[in-house]
Amino acid sequence: MTTPEPTTVPAPPTPAAPDVPGPSDTSSAAPDHEIPRYDDMRYRDVFWAARDYEDRCDRMAIRALLPPTGERLVEVGAGYGRLADEYRGYREVVLLDASEAHVAAAREQFRDDPRIRVEQGDAYALPFEDGSFDAVVCVRVVHHLEHPGAVFAEFARVLRPGGVLVLEFANKRNLKAILKHALGRQDWSPFTTEPHEYLPLHFDRHPLEVRRLLHRAGLRVEAVRAVSLFRLPMLRDRVPAGWLAALEGPLQAPLGSVTPGPSVYVRARKAG
Ligand SMILES: C[S@@+](CC[C@H](N)C(=O)[O-])C[C@H]1O[C@@H](n2cnc3c(N)ncnc32)[C@H](O)[C@@H]1O
């Protein structure tokens, strides 16, 4: 997915640490990394203004994967809080994002909702205690992460035993990439598990790589859904978003085993 946020800023320096800490890694230091700059609200006002279909698909996947009720939920990289109304069943909701502009917009939007707290912070160093959340949600952020394994370890740290992660990532092994590769119109293979960086700080990832990193962080994948299956400008311009989403609904779960679409959602659980 290309989003209107090309510039990056280095995160504050931290001591070097392994790229993918395992569950037994006690180091709390994050690897060096950059954070994309969402300095203005074009992501809300331009990008999402034209993506009703994708918004519906994201919500469908979240409703299918996220336990509907719980005590504490954090969305990491929540932006301006697009998806916050999906968390109505949680007693306390934290929206965390690195962007000052998006955090300010979310604070403004939810200032009268005592259930929702908005925090500025870095996914690599979550400002929360161990085991303090029932659920972590992370949507459309993994494609910006140079070291997703380190962030997954943070998710596992802040989840309580038995807690659930709902995670979206951009899928390298999608049908369009497979066809282009087969026709000789793309020089990289969608089948190899290393990430494909299609723009600076924008990575498509192979589903097996994501599964391996989650497993290494102590998070066991329980369910997978293939999402935004009809994300084609030709369809988007001609077919109403509601129709496309209705068509996609019954396909997301069964196609989770082959993930032909550009976006993949997983539910992963921390061992209880
Ligand atoms: C494409 S937007 C997605 C926003 C929201 N999840 C949604 O789906 O509407 C990516 C968001 O991730 C945030 N982000 C990227 N890297 C981050 C990091 N290391 N820590 C916290 N937020 C980060 C950006 O600031 C941006 O708001």
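The rules behind each value
Residues numbered from 1 in each chain as written. Predicted model: local features only at pLDDT ≥ 70, side-chain atom pairs only at ≥ 80, totals over all residues. Heavy atoms only, no water. Helix = DSSP H or I, 4+ residues; strand = E, 2+ residues; numbered from the N terminus. Buried < 20%, exposed > 50% of the residue type's maximum accessible area, 1.4 Å probe, protein only. Polar contact = N/O pair within 3.5 Å; in protein donor to acceptor, adjacent residues only side chain to side chain. Phe/Tyr/Trp six-rings, centres within 6.5 Å; stacked < 30°, edge-to-face > 60°. Lys NZ or Arg CZ within 6 Å of the ring centre and 35° of its normal. Contact = heavy atoms within 4.5 Å. Near = heavy atom within 4 Å. Areas by Shrake-Rupley, 256 points an atom, 1.4 Å probe, with all protein chains shown as cover. Nonpolar A, V, L, I, M, F, W, Y, C, P; charged D, E, K, R; others polar. Axes fitted to C-alpha atoms, helices over the stretch in contact; angles between N-to-C directions. Left-handed = near helix turned anticlockwise from the far one by under 90°. 1 Å grid on protein atoms, 1.4 Å probe; cavity = no way out; pocket = protein on both sides within 12 Å on 5 of 7 lines; lining within 4 Å. Points joined across faces, edges and corners; volume = space filled by probe spheres on them.

Colleague: Tell me what's going on with the environment of aspartate 45, and back it up with residues and numbers.
Modeller: Counting through the fold element by element, aspartate 45 comes out in helix α1 (residues 42-47). Note on aspartate 45: relative accessible area 45%, which makes it partly exposed. Polar contacts involving the side chain of aspartate 45 include one to the side chain of arginine 44, which spans 2.7 Å.

Colleague: Pulling in residues and values, what's your account of the packing of aromatic side chains?
Modeller: This structure, assessed with the given rule, holds 7 aromatic pairs. Geometrically, the ring pair formed by tyrosine 43 and tryptophan 48 is edge-to-face, given 6.1 Å between the ring centres and 85° between the ring planes. Residue class for tyrosine 43 comes out buried when judged on its relative accessible area of 11%. On the basis of relative accessibility, which here comes to 9%, the residue tryptophan 48 falls in the buried class. Note on phenylalanine 47 and tryptophan 48: the rings are 5.2 Å apart at their centroids and 85° apart in plane angle, and the pair reads as edge-to-face. Residue classification places phenylalanine 47 among the buried residues on the basis of a relative accessible area of 5%. Grouped by ring-pair contacts, the aromatic residues Tyr38, Tyr43, Phe47, Trp48 and Tyr80 constitute a single cluster. One cation-aromatic arrangement involves arginine 44 over tyrosine 80; the distance from NZ or CZ to the ring centre is 6.0 Å. The side chain of arginine 51 reaches across the aromatic face of phenylalanine 47, ending 3.8 Å from its centre.

Colleague: So, the environment of alanine 123: which residues are in play, and what are the values?
Modeller: Note that alanine 123 resides in the loop between β5 (116-120) and β6 (133-138). The class for alanine 123 is buried, based on a relative accessible area of 12%. The spacing of alanine 123 and alanine 30 is 93 residues in sequence and 9.6 Å in space, taken between C-alpha atoms. In contact with alanine 123, other than residues within four places in its own chain, are Val76, Leu96, Val151 and Glu154.

Colleague: So what's going on with the site of the ligand? Residues and values would help.
Modeller: Looking at the ligand, there are 22 residues lining it, with Gly77, Arg82, Asp97, Ala123 and Val139 nearest. Alanine 123 places a polar main-chain atom, nitrogen or oxygen, 2.8 Å from a nitrogen atom of the ligand. A distance of 2.7 Å is found between a nitrogen atom of the ligand and a backbone nitrogen or oxygen belonging to valine 139. Isolated, the ligand exposes 600 Å² of accessible area, and the fraction of that covered by the protein chains is 99%. Looking at side-chain class alone, the shell around the ligand contains 12 nonpolar, 5 polar and 5 charged residues.

Colleague: Talk me through the packing of helix α2 (residues 52-65) against helix α8 (residues 241-248); I want residue IDs and the actual numbers.
Modeller: Two elements in contact, α2 and α8, have axes separated by 8 Å at closest approach and are oriented at 35°. Of the two possible hands of crossing, α2 and α8 adopt the one that is right-handed. Facing α2, whose interface residues are Asp52, Tyr53, Arg56, Cys57 and Met60, α8 presents Ala241, Gly242, Leu244, Ala245 and Glu248. Partitioned by chemical class, the residues of the contact of α2 with α8 number 6 nonpolar, 1 polar and 3 charged.

Colleague: Pulling in residues and values, what's your account of the layout of surface pockets?
Modeller: In this structure, the largest pocket encloses a volume near 880 Å³. Those elements that provide at least two residues to the lining of the largest pocket are α5 (175-182), β8 (196-199) and α7 (233-236). No other element matches the 5 residues that α5 contributes to the lining of the largest pocket. Residues that form the lining of the largest pocket fall into these classes: 16 nonpolar, 7 polar and 8 charged. Within the residue set of the lining of the second largest pocket, elements represented by two or more residues are β2 (34-36), β3 (70-76), β4 (90-97) and α3 (100-109). Here the residues of the lining of the second largest pocket sort into 18 nonpolar, 7 polar and 9 charged.

Colleague: Quick rundown of unusual backbone geometry? Include the residues and the values.
Modeller: The phi torsion of most residues other than glycine is negative, and most of the peptide bonds are trans. With a phi angle near 60°, serine 228 is a residue other than glycine that sits in the positive phi range. Along the polypeptide, serine 228 turns up in the loop between β10 (219-227) and α7. In this structure, threonine 259 takes a positive phi of about 40° despite not being glycine.

What is shown is where atoms sit, not what they do.
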